[in-house]
Amino acid sequence: SDFDLVIRNGRIATASDVFAADIAVRDGVIAALGKGLAPGKREIDAAGRWVLPGGIDSHCHVEQLSGMGLMCADDFYSATVSAAFGGTTTIIPFAAQHRDMKIPEVVADYGKLAREKAVIDYGFHLILANPDDTALQTDLPKAIRDGITSLKVYMTYDKLKLDDHQLLDVLSVAAREQALVMVHAENHDMIRWLAHRLLEQGHTAPKFHAVAHDPLAEAEATNRAIALSRLLGVPLLIVHVSGQEAIHTIRRAKQRGAAVYAETCPQYLFLTAEDLDREGLQGAMFCCSPPPRDKESQEAVWAGMKDGTLYTYSSDHAPYRFDKSGKLPKGDATTFKEMANGVPGLELRLPLLFSEGVMAGRISMQEFVALTATNHAEMYGLSGRKGTIAVGADADLGIWNQDREITVTATMLHDNVGYTPYEGRQLKGWPEIVINRGRVVIENNELKVERGSGQFLKRKPSDMLADPTGISAAVARQMLRSLVGMGGPA
Ligand code: DUC
Ligand code: ZN
Ligand code: ZN
Ligand code: ZN
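The sections below set out a description of the structure shown in this document.

The rules behind these values
Residues numbered from 1 in each chain as written. Chains lettered and ligands numbered in written order. Predicted model: local features only at pLDDT ≥ 70, side-chain atom pairs only at ≥ 80, totals over all residues. Heavy atoms only, no water. Donors = N, O, S within 2.8 Å, 3.2 Å for Na, K, Ca; no water. Helix = DSSP H or I, 4+ residues; strand = E, 2+ residues; numbered from the N terminus. Buried < 20%, exposed > 50% of the residue type's maximum accessible area, 1.4 Å probe, protein only. 1 Å grid on protein atoms, 1.4 Å probe; cavity = no way out; pocket = protein on both sides within 12 Å on 5 of 7 lines; lining within 4 Å. Points joined across faces, edges and corners; volume = space filled by probe spheres on them. Nonpolar A, V, L, I, M, F, W, Y, C, P; charged D, E, K, R; others polar. Near = heavy atom within 4 Å. Polar contact = N/O pair within 3.5 Å; in protein donor to acceptor, adjacent residues only side chain to side chain. Areas by Shrake-Rupley, 256 points an atom, 1.4 Å probe, with all protein chains shown as cover. Sits in = over half its atoms within 2 Å of the grid points. Core = buried A, V, L, I, M, F, W, Y, C linked by side-chain atoms within 4.5 Å. Contact = heavy atoms within 4.5 Å. Pairing = 2+ DSSP bridges. Axes fitted to C-alpha atoms, helices over the stretch in contact; angles between N-to-C directions. Phe/Tyr/Trp six-rings, centres within 6.5 Å; stacked < 30°, edge-to-face > 60°. Lys NZ or Arg CZ within 6 Å of the ring centre and 35° of its normal. Patch = residues over 30% accessible without salt bridge, like charges linked within 9 Å, V, L, I, M, F, W, Y side chains within 5 Å. Salt bridge = Lys/Arg side-chain N within 4 Å of Asp/Glu carboxyl O. Lys, Arg positive; Asp, Glu negative; His and termini not counted. Charge placed at Lys NZ, Arg CZ, Asp CG, Glu CD. Parallel < 35°, antiparallel > 145°, perpendicular 65-115°, else oblique. Left-handed = near helix turned anticlockwise from the far one by under 90°.

**Brief notes about the coordination of the zinc ion (ligand 3)**
Ideal geometry at a metal gives 109.5 degrees between four tetrahedral donors and either 90 or 180 degrees between six octahedral ones. All of the protein donors around the zinc ion (ligand 3) are Lys152 (NZ), His184 (ND1) and His240 (NE2); their distances to the metal are 2.1 to 2.2 Å. A spacing of 4.3 Å is found between the zinc ion (ligand 3) and the zinc ion (ligand 4). One end of the pair, Lys152, is in strand β12 (residues 150–154); the other, His240, is in the loop between β14 (236–238) and α8 (244–255), with 88 residues separating them in the sequence. For His240, a relative accessible area of 2% translates into the label buried.

Put into structure tokens, the structure is as follows:
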């Protein structure tokens, strides 16, 4: 027969539509959409289930040394297996430079790790910690030509922080070379000063992490990063946006036509700073930077996702085990300053938003698809190929049972972290079959593909760089839809 795989009778959602159709796959690509398609070598009956684009997680840390010098608990095998079980078929983690490392070696090292272990497709962003002449004039342009078309820079952490002069250098070179700049926006000295005062007064418990990382430190740095990007007329993406002040700053800049985009994460929708206030050191399980905020900020994050101010929803999976060698790494370390910054989220990112967003009636199925897949493809140079269901796109699909109810436990997850911040939550909806380039990766709660079978994605430049107005057609569309109250049917 003509087709390798045909998925019949499912209800399909894209970022703009919901429709009933069958999907035929040949050579890993969607070859036909419609009714009465010819038989496939393999047939899947998706009656009563949703067929959605596989998730793209454009922010996760895998097999990486953090800014504090801590090694992640997940390698490219456990991370990609975990992602796949949760309906994600593409990840874009980081190839992370520290100041004494050469960029070509960093890129080669991470590339090798992923090539040998990943079970789903992957790209890389560069983390740039040392923007010297060699980096800016030679190594960065080369990495971009090789398909690493985005980079992350930091405004905080002693080992990673760039000053404003360096940020301007990076932004200008990135624009010339067609790379998208992602920024971790928190005011370094505000956090340092607050942490110093807290520790001085004996306030060492995990909950004080959230006090040191005040929302104003995020808002100040966000405003400054936007000003730097507007000075040069260069697009910018603010990662892991958490607080309502920062969200308002971003929305205002967008309304003035600035080419500023922003990402948020599950921890800012589903956790608050109160979660850090647990018995003993238990609060460390909820420690990430920026920290979870309050109920009002959670509402602001939902609103920001609805109106396009927050354009991508990523996990920021930063996995550290809750034990002495990982989460609280320095043997007898007991202060919030030494806790690893990061929470796991690769596997539950989609199920959390499906249940609490779509099933709870807060967002439409189209918005779910945009936030978890399509917008990431636009942002990171994968549009047309990933993140949608269309003829010619890679067959990356999740077949979701919206009636499946699960109770989250750490033991059901496939990462190597050993705990989940979402322990005990009741979720509705789960991806029962997950397909990457036409390969069934997950079925019957089992992994069906080999270690190393994921492919490196050489990415084109971000669609946002090709848009001279600074507001892409898709953002404009989404803003208009939400203004006129057309989220679309769930
Ligand atoms: N920034 C991240 O992006 N992830 C984890 C910690 C951090 O500071
Ligand atoms: Zn300079
Ligand atoms: Zn960060
Ligand atoms: Zn991160």
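**Comments concerning empty space enclosed by the protein**
Overall, the coordinates contain four cavities of 30 Å³ or more when judged by the stated rule. If you go around the largest cavity, you meet 25 residues; those closest to its centre are His61, Ser66, Tyr154, Tyr157 and Asn341. A breakdown of the residues in the lining of the largest cavity according to their chemical character gives eleven nonpolar, twelve polar and two charged.

**Focus on the site of ligand 1**
The environment of ligand 1 is made up of His59, His61, Lys152, Tyr157, His184, His240, Ser289, Asp316, Ala318 and Asn341. Within the side chain of His240, a nitrogen or oxygen atom sits 3.2 Å from an oxygen atom of ligand 1. Residue Asp316 places a side-chain N or O atom 2.9 Å away from a nitrogen atom belonging to ligand 1. For ligand 1, the protein covers 93% of the area, taking 230 Å² as the surface of the free molecule. Judged by the proximity of its atoms to the pocket grid, ligand 1 belongs to the largest cavity. Class assignment of the residues belonging to the shell around ligand 1 gives a composition of two nonpolar, six polar and two charged.

**Considerations on the nonpolar core**
If you look at the biggest cluster of nonpolar residues, it comprises 129 residues, and the most contacted ones within it are Leu128, Leu151, Ile238 and Phe368. In this structure Phe368 touches Leu52, Leu350, Leu353, Phe354, Val358, Ile363 and Trp400, once residues within four positions along its chain are discounted. Of all hydrophobic cores here, the second largest spans 17 residues; its members include Ile7, Ala21, Ile389 and Ile399.

**Remarks on the sheet that holds strand β20 (residues 446–447)**
Read from one edge to the other, the open sheet built from seven strands follows the order β3-β2-β7-β17-β18-β19-β20, with strand pairing classed as mixed. This sheet does not close on itself; its edge strands, each paired only once, are β3 (18–20) and β20. Two elements, strand β2 (residues 11–13) and β3, share three bridges in a ladder whose sense is antiparallel. When the bridges of β3 are listed, Ile12 appears paired with Phe19.

**Digging into the sheet that holds strand β5 (residues 29–34)**
Across the sheet, four strands lie side by side as β5-β4-β1-β6; this open sheet has mixed pairing. A strand with exactly one partner marks an edge of an open sheet, and here the two such strands are β5 and β6 (40–45). The average undirected angle you get between the axes of adjacent strands in this sheet is 20°. Direction of pairing for strand β4 (residues 22–26) relative to β5: antiparallel, over a ladder of five bridges.

**Structural notes on the packing of aromatic side chains**
Per the stated rule, a full pass over the model turns up ten aromatic pairs. Members of the aromatic cluster, connected to one another through ring pairs, are Phe76, Tyr110, Tyr122, Phe124 and Phe456. The ring of Phe94 carries Lys152 above its face, with NZ or CZ at 5.6 Å from the centroid.

**Observations concerning unusual backbone geometry**
Following Ser289, the chain continues into Pro290 via a peptide bond in cis, with omega recorded as -10°. In this structure, Pro290 sits in the loop between α9 (266–270) and α10 (295–307). Phi at Glu63 takes a positive value of approximately 50°, unusual for a residue other than glycine. Residue position: Glu63 is located in the loop between β8 (55–60) and α1 (76–85). Phi at His240 takes a positive value of approximately 35°, unusual for a residue other than glycine.

**Digging into the coordination of the zinc ion (ligand 2)**
Bound to the zinc ion (ligand 2) on the protein side are His165 (NE2), Asp169 (OD) and Asp169 (OD), at distances that span 2.3 to 2.6 Å. Within this pair, His165 and its partner Asp169 are both found in helix α4 (residues 164–177), separated by four residues, close to a single helical turn. Overall, the relative accessible area of 57% leaves His165 in the exposed class. Classification of Asp169 by relative accessible area gives partly exposed; the value is 29%.

**A word on a negative patch on the surface**
Residues Glu245, Glu274, Asp294 and Glu296 make up a contiguous surface patch of negative charge. Take Glu245: it is sitting in helix α8. For Glu245, a relative accessible area of 32% translates into the label partly exposed.

**Comments concerning the packing of helix α11 (residues 349–359) against helix α12 (residues 365–379)**
To characterise two packed helices, one gives the angle between the axes of the helices and the distance between these axes. In the contact formed by α11 and α12, the axes pass within 9 Å of each other and the chain directions differ by 155°. By the angle class used here, α11 and α12 are roughly antiparallel. As for how α11 packs across α12, the hand of that crossing is right-handed. Counted together, Arg349, Leu350, Leu353, Phe354 and Val358 of α11 and Met365, Phe368, Leu371, Thr372 and His376 of α12 form the full contact between these two elements.

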